[in-house]
Amino acid sequence: WHVAPDATVQLISGGVSGGSARPCFTFDQVFEENSTTPEIYDGLVKDIVDSAVAGGKNGTVLAYGQTNSGKTHTMHGSDPLDKTKNTSA
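The numbers attached to residues start from 1 for each chain and follow its sequence in the written order. For a predicted model such as this one, the threshold for reporting local features is a pLDDT of at least 70, and the threshold for listing and counting side-chain atom pairs is 80 or more; totals across whole chains, interfaces and linings nevertheless cover every residue. Note: side-chain values were computed over all heavy atoms of the structure, leaving out hydrogens and water.

For the rest of this paragraph, the subject is the overall build of the protein chain. Along the protein chain, the regular secondary structure elements total two helices and three strands. Put simply, DSSP marks the helices as runs of H or I at least four residues long and the strands as runs of E at least two long, and each gets a number from the N terminus on. Counting from the amino terminus, the protein chain carries its helices and strands in the arrangement β-β-β-α-α. Only protein chains enter the accessibility calculation, which uses a 1.4 Å probe; a residue whose area is less than 20% of its type maximum is buried, one above 50% is exposed, and one in between is partly exposed. When the 89 residues of the protein chain are sorted by exposure, 7% land in the buried category. Residues count as neighbours in contact if any of their non-hydrogen atoms are within 4.5 Å of one another. Of the contacts made within the protein chain by residues no fewer than 6 positions apart, 7% connect residues no fewer than 24 positions apart. The Shrake-Rupley method, run with a 1.4 Å probe, gives the accessible areas here. Residue values count only the displayed protein chains as cover. Put simply, the protein chain shows about 7,500 Å² of open surface, and 52% of that area lies on carbon and sulfur atoms.

Given below as structure tokens:
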């Protein structure tokens, strides 16, 4: 896979059997595998949270990915069962 600066992701090997077409997907934002949680938060989530808290609007952040890839840890930290944390902001 190749990630272009315009957040287009394209398969660079393989392709469609018998043809030259390769899948190409465009995303709002693409992060490298070594991206930090603050980089992802600032790039995607901060505006949604700020709008919901300050503007009284609803906001949804969907964490989608492979099983055991860190979605819950990213959203809740190292102890998702710790009810003393305030996760509303």
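A word on the confidence of the model for the protein chain. Confidence in the prediction of the protein chain, expressed as mean pLDDT, is 75, and 74% of residues score 70 or more. Averaged pLDDT values over the elements of the protein chain bottom out at 73 in helix 2 (residues 71-76) and peak at 87 in helix 1 (residues 37-55). Values of pLDDT, which run from 0 to 100, indicate the predictor's confidence residue by residue.

Here, a salt bridge means any Lys or Arg side-chain nitrogen found within 4 Å of an Asp or Glu carboxyl oxygen. For the coordinates displayed, the defined rule picks out one salt bridge. Across the pair K46 and D50 runs a salt bridge, and its minimum N-O distance is 2.9 Å. Linking K46 with D50, this pair stays in helix 1, spanning four residues, or about one helical turn. Residue K46 is classed as partly exposed on the basis of its relative accessible area of 34%.

This paragraph deals with the sheet that holds strand 1 (residues 2-3). In spatial order, the strands read 1-2-3; together these three strands make up an open sheet with antiparallel pairing. For this open sheet the edge positions go to strand 1 and strand 3 (24-26), each flanked by a neighbour on one side alone. Pairing between strands is defined by DSSP: at least two bridges between them are needed. In this sheet, strand 2 (residues 8-10) lies alongside strand 1 in antiparallel orientation, the contact comprising two bridges. Bridge pairing in strand 2 places H2 opposite Q10.

The subject of this paragraph is a nonpolar patch on the surface. In this scheme, patches are assembled from residues that exceed 30% relative accessible area and form no salt bridge. Like charges are connected within 9 Å, while nonpolar side chains (Val, Leu, Ile, Met, Phe, Trp, Tyr) are connected within 5 Å. A surface patch of nonpolar side chains, about 360 Å² in accessible area, is lined by W1, F25 and F27. By secondary structure assignment, the location of F25 is in strand 3. Accessibility expressed as a relative area gives 40% for F25, which makes it partly exposed.

Now for helix 1. A residue's bend is given by the angle between axes fitted to the 7 residues ending at it and the 7 residues starting at it. Maximum bend of helix 1: about 60°, positioned at V45. At the C-terminal side of helix 1, G56 shows a positive phi close to 70°.

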